[in-house]
Amino acid sequence: MRLTDFWTRLEEAFGPVYARSMAADHSFAGLGDRTIDKAIADGIETATIWRAVVAAYPDRVPSRLR
């Protein structure tokens with residue numbers, strides 16, 4: 001998944017403001033307690049990051065974005 005596709009999905013699921021806030025402030029267990037921003041900086045693949053977001057918020061992410 002390209003980084004631009006990742007951000008588009010995250011913003012569509014959570015709204016642009018909350019998506020950016022979540023990326024900076026929320027640590028995900030599925031990412032080794034990293035934030036999205038830290039995971040990206042550490043070179044974690046965006047598909048892996050997206051799967052962690054979906055796992056953490058299964059009711060929030062529409063099925064068409066999974």
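Just so you know, these numbers come straight off a predicted model, no measurement behind them.

1. Some details on the overall build of the protein
Okay, so step 1: Regarding its fold elements, the protein presents 4 helices and 0 strands.
Okay, so step 2: For the protein, the succession of helices and strands along the chain, N to C, is α-α-α-α.
Okay, so step 3: Taken over the C-alpha trace, the protein has a radius of gyration of 10 Å; the compact-globule value for 66 residues is 11 Å, and the two agree within 12%.
Okay, so step 4: Here the protein, with 66 residues, has 33% of them falling under the buried criterion.
Okay, so step 5: A separation of at least 24 residues holds for 48% of the contacts in the protein among residues at least 6 apart in sequence.
Okay, so step 6: Counting every atom, the protein has about 3900 Å² of accessible surface; 50% of that belongs to carbon and sulfur.

2. Things to note about the packing of aromatic side chains
Each pair of aromatic rings is reported with the distance of its centres and the angle of its planes.
Okay, so step 1: What the rule picks out here adds up to 5 aromatic pairs.
Okay, so step 2: Centre to centre, the rings of F6 and W50 are 6.0 Å apart; their planes meet at 85°, and the pair counts as edge-to-face. Here F6, found in helix 1 (residues 3-14), pairs with W50, found in helix 4 (residues 46-56); they are 44 residues apart in sequence, far enough to count as distant. W50 carries the same exposure label as F6, and that label is buried.

3. Digging into the pattern of salt bridges
Okay, so step 1: What the rule picks out here adds up to 5 salt bridges.
Okay, so step 2: Between R34 and D42 there is a salt bridge, and its shortest N-O distance comes to 2.8 Å.
Okay, so step 3: Look at R34 and you get partly exposed, because its relative accessible area is 28%.
Okay, so step 4: The partner of D42 in a salt bridge is K38, and the shortest N-O contact between them spans 3.0 Å.
Okay, so step 5: If you follow the salt bridges from partner to partner, you end up with R34, K38 and D42 in one network.

About the criteria used
Residues numbered from 1 in each chain as written. Predicted model: local features only at pLDDT ≥ 70, side-chain atom pairs only at ≥ 80, totals over all residues. Heavy atoms only, no water. Helix = DSSP H or I, 4+ residues; strand = E, 2+ residues; numbered from the N terminus. Rg over C-alpha atoms; globule rule 2.2 N^0.38 Å. Buried < 20%, exposed > 50% of the residue type's maximum accessible area, 1.4 Å probe, protein only. Contact = heavy atoms within 4.5 Å. Areas by Shrake-Rupley, 256 points an atom, 1.4 Å probe, with all protein chains shown as cover. Phe/Tyr/Trp six-rings, centres within 6.5 Å; stacked < 30°, edge-to-face > 60°. Salt bridge = Lys/Arg side-chain N within 4 Å of Asp/Glu carboxyl O.

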